[in-house]
Amino acid sequence: MTVGSGPRRDRGPSDGFATAGFIVAVGFSMLFFVLLANLMAVQYGRGVVRAALDEGARHGARYGASGSACQDRIREVLGGLLGGAMGSGVSYRCEGDSRRTMALAEVVFPAWLPGIPEFRFQMAATAAVERE
(Lines give C-alpha, C1' and ligand atoms only; values in the text may rest on other atoms or scores of the structure.)
Protein backbone atom coordinates (compact mmCIF):
# COMPACT_ATOMS: atom_id res chain seq x y z
CA MET A 1 0.00 0.00 0.00
CA THR A 2 1.37 3.41 -0.96
CA VAL A 3 1.23 6.52 1.16
CA GLY A 4 -1.66 8.85 0.33
CA SER A 5 -3.76 6.27 -1.40
CA GLY A 6 -6.97 5.36 0.27
CA PRO A 7 -10.29 3.97 -0.66
CA ARG A 8 -11.70 5.58 -3.72
CA ARG A 9 -14.99 7.35 -3.29
CA ASP A 10 -17.54 7.90 -6.01
CA ARG A 11 -18.82 11.44 -6.35
CA GLY A 12 -22.54 11.91 -5.95
CA PRO A 13 -25.00 14.68 -6.83
CA SER A 14 -24.57 16.40 -3.43
CA ASP A 15 -20.82 16.99 -3.91
CA GLY A 16 -20.01 20.68 -4.13
CA PHE A 17 -23.13 21.69 -2.19
CA ALA A 18 -21.04 22.69 0.84
CA THR A 19 -19.11 25.11 -1.36
CA ALA A 20 -22.28 26.98 -2.43
CA GLY A 21 -23.45 27.15 1.18
CA PHE A 22 -20.07 28.46 2.26
CA ILE A 23 -20.17 31.20 -0.39
CA VAL A 24 -23.64 32.31 0.75
CA ALA A 25 -22.53 32.34 4.40
CA VAL A 26 -19.43 34.38 3.57
CA GLY A 27 -21.54 36.81 1.51
CA PHE A 28 -23.91 37.43 4.41
CA SER A 29 -20.96 37.80 6.77
CA MET A 30 -19.42 40.43 4.51
CA LEU A 31 -22.75 42.27 4.28
CA PHE A 32 -23.00 42.31 8.07
CA PHE A 33 -19.39 43.53 8.33
CA VAL A 34 -20.05 46.44 5.93
CA LEU A 35 -23.17 47.45 7.87
CA LEU A 36 -21.24 47.34 11.14
CA ALA A 37 -18.37 49.36 9.66
CA ASN A 38 -20.86 51.95 8.33
CA LEU A 39 -22.40 52.27 11.78
CA MET A 40 -18.96 52.76 13.34
CA ALA A 41 -18.11 55.46 10.76
CA VAL A 42 -21.38 57.27 11.54
CA GLN A 43 -20.59 57.19 15.26
CA TYR A 44 -17.13 58.63 14.54
CA GLY A 45 -18.75 61.36 12.42
CA ARG A 46 -21.19 62.21 15.20
CA GLY A 47 -18.30 62.61 17.61
CA VAL A 48 -16.44 64.89 15.20
CA VAL A 49 -19.51 67.07 14.64
CA ARG A 50 -20.09 67.27 18.39
CA ALA A 51 -16.47 68.32 19.00
CA ALA A 52 -16.59 70.87 16.17
CA LEU A 53 -19.76 72.47 17.53
CA ASP A 54 -18.34 72.62 21.06
CA GLU A 55 -15.14 74.21 19.78
CA GLY A 56 -17.06 76.68 17.62
CA ALA A 57 -19.36 77.75 20.44
CA ARG A 58 -16.40 78.23 22.80
CA HIS A 59 -14.47 80.29 20.25
CA GLY A 60 -17.52 82.40 19.44
CA ALA A 61 -18.13 83.10 23.13
CA ARG A 62 -14.63 84.41 23.87
CA TYR A 63 -14.32 88.00 24.99
CA GLY A 64 -13.76 90.19 21.94
CA ALA A 65 -14.33 87.39 19.42
CA SER A 66 -15.43 88.35 15.93
CA GLY A 67 -18.82 87.29 14.60
CA SER A 68 -17.25 84.65 12.35
CA ALA A 69 -15.01 83.07 15.00
CA CYS A 70 -17.54 80.34 15.70
CA GLN A 71 -17.99 79.31 12.07
CA ASP A 72 -14.27 79.57 11.34
CA ARG A 73 -13.45 77.18 14.18
CA ILE A 74 -16.14 74.69 13.15
CA ARG A 75 -14.77 74.75 9.58
CA GLU A 76 -11.22 74.09 10.87
CA VAL A 77 -12.23 71.14 13.04
CA LEU A 78 -14.43 69.54 10.40
CA GLY A 79 -11.80 70.09 7.70
CA GLY A 80 -9.16 68.37 9.80
CA LEU A 81 -11.18 65.40 11.02
CA LEU A 82 -14.05 64.75 8.61
CA GLY A 83 -13.60 64.90 4.86
CA GLY A 84 -15.08 63.38 1.74
CA ALA A 85 -18.74 62.50 1.45
CA MET A 86 -19.26 62.57 5.19
CA GLY A 87 -17.82 66.07 5.55
CA SER A 88 -19.93 67.42 2.71
CA GLY A 89 -23.09 66.23 4.46
CA VAL A 90 -22.63 68.64 7.38
CA SER A 91 -24.23 72.09 7.29
CA TYR A 92 -23.75 74.41 10.25
CA ARG A 93 -24.43 77.92 11.48
CA CYS A 94 -23.79 80.01 14.54
CA GLU A 95 -26.19 82.25 16.42
CA GLY A 96 -25.64 84.40 19.43
CA ASP A 97 -26.61 87.32 21.57
CA SER A 98 -24.99 89.16 24.48
CA ARG A 99 -25.42 86.16 26.81
CA ARG A 100 -24.68 83.06 24.77
CA THR A 101 -23.33 81.66 21.52
CA MET A 102 -25.01 78.66 19.92
CA ALA A 103 -23.59 76.43 17.17
CA LEU A 104 -26.12 74.35 15.23
CA ALA A 105 -25.60 71.59 12.67
CA GLU A 106 -27.79 69.51 10.40
CA VAL A 107 -26.07 66.32 9.32
CA VAL A 108 -26.75 63.78 6.57
CA PHE A 109 -24.36 60.83 6.33
CA PRO A 110 -24.90 58.55 3.31
CA ALA A 111 -25.35 54.80 3.79
CA TRP A 112 -22.74 52.57 2.18
CA LEU A 113 -25.23 50.04 0.81
CA PRO A 114 -28.30 50.58 -1.37
CA GLY A 115 -31.61 50.10 0.36
CA ILE A 116 -30.29 51.41 3.69
CA PRO A 117 -31.63 54.88 4.61
CA GLU A 118 -29.15 57.70 5.10
CA PHE A 119 -28.30 58.78 8.63
CA ARG A 120 -29.86 62.20 9.47
CA PHE A 121 -29.62 64.12 12.73
CA GLN A 122 -29.29 67.59 14.25
CA MET A 123 -26.91 68.74 16.97
CA ALA A 124 -26.34 71.94 18.95
CA ALA A 125 -23.79 73.35 21.37
CA THR A 126 -24.06 76.44 23.57
CA ALA A 127 -21.48 78.47 25.43
CA ALA A 128 -21.91 81.49 27.74
CA VAL A 129 -20.34 84.69 26.41
CA GLU A 130 -17.33 85.88 28.40
CA ARG A 131 -17.57 89.33 29.94
CA GLU A 132 -14.96 91.86 30.99
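This text follows the structure it describes.
Every value quoted in this text rests on a predicted model; they were computed, and no experiment measured them. (Residues numbered from 1 in each chain as written. Predicted model: local features only at pLDDT ≥ 70, side-chain atom pairs only at ≥ 80, totals over all residues. Heavy atoms only, no water.)

1. Some words on the pairing of strand β2 (residues 100–109)
For clarity, the threshold we go by: Burial status follows relative accessibility: with a 1.4 Å probe on protein chains alone, a residue under 20% of its type maximum counts as buried, one over 50% as exposed, and anything between as partly exposed. Strands here are runs of E lasting at least two residues and helices are runs of H or I lasting at least four, both read from the DSSP assignment and numbered beginning at the N terminus. Should DSSP find at least two bridges between two strands, the strands are taken to pair.
The element β2 is largely enclosed, with a buried count of 7 among its 10 residues. Inspection of the sheet shows strand β1 (residues 90–96) paired to β2 by 7 bridges, in the antiparallel sense. Considered in β2, the bridge of serine 91 is made with glutamate 106. From the end of β1 to the start of β2, which pair antiparallel, there are 3 residues. The pairing of β2 with strand β3 (residues 119–128) spans 10 bridges and is antiparallel. Note on β3: the bridge partner recorded for alanine 103 is alanine 125.

2. Observations regarding the layout of surface pockets
Applied cut-off: With a 1 Å grid spanning the protein atoms alone, the term cavity applies to any set of points in which a 1.4 Å probe fits but cannot get out, the term pocket to an open set with protein on both sides within 12 Å along at least five of seven lines, and the term lining residue to any residue with an atom within 4 Å of a point. Grid points are joined across faces, edges and corners, and a volume is the space filled by probe spheres set on the points. Lys, Arg, Asp and Glu make up the charged group, whereas Ala, Val, Leu, Ile, Met, Phe, Trp, Tyr, Cys and Pro make up the nonpolar group; the residues left over, Gly among them, are polar.
Within this model, the largest pocket holds a volume of roughly 190 Å³. Along the wall of the largest pocket there are 14 residues; nearest its centre are Gly60, Ser66, Gly67, Gly96 and Thr101. It is β1 that contributes the most residues to the lining of the largest pocket, 3 residues altogether. Across the lining of the largest pocket, the residue classes tally to 4 nonpolar, 6 polar and 4 charged.

Interpretation in functional terms is not warranted from these geometric data alone.
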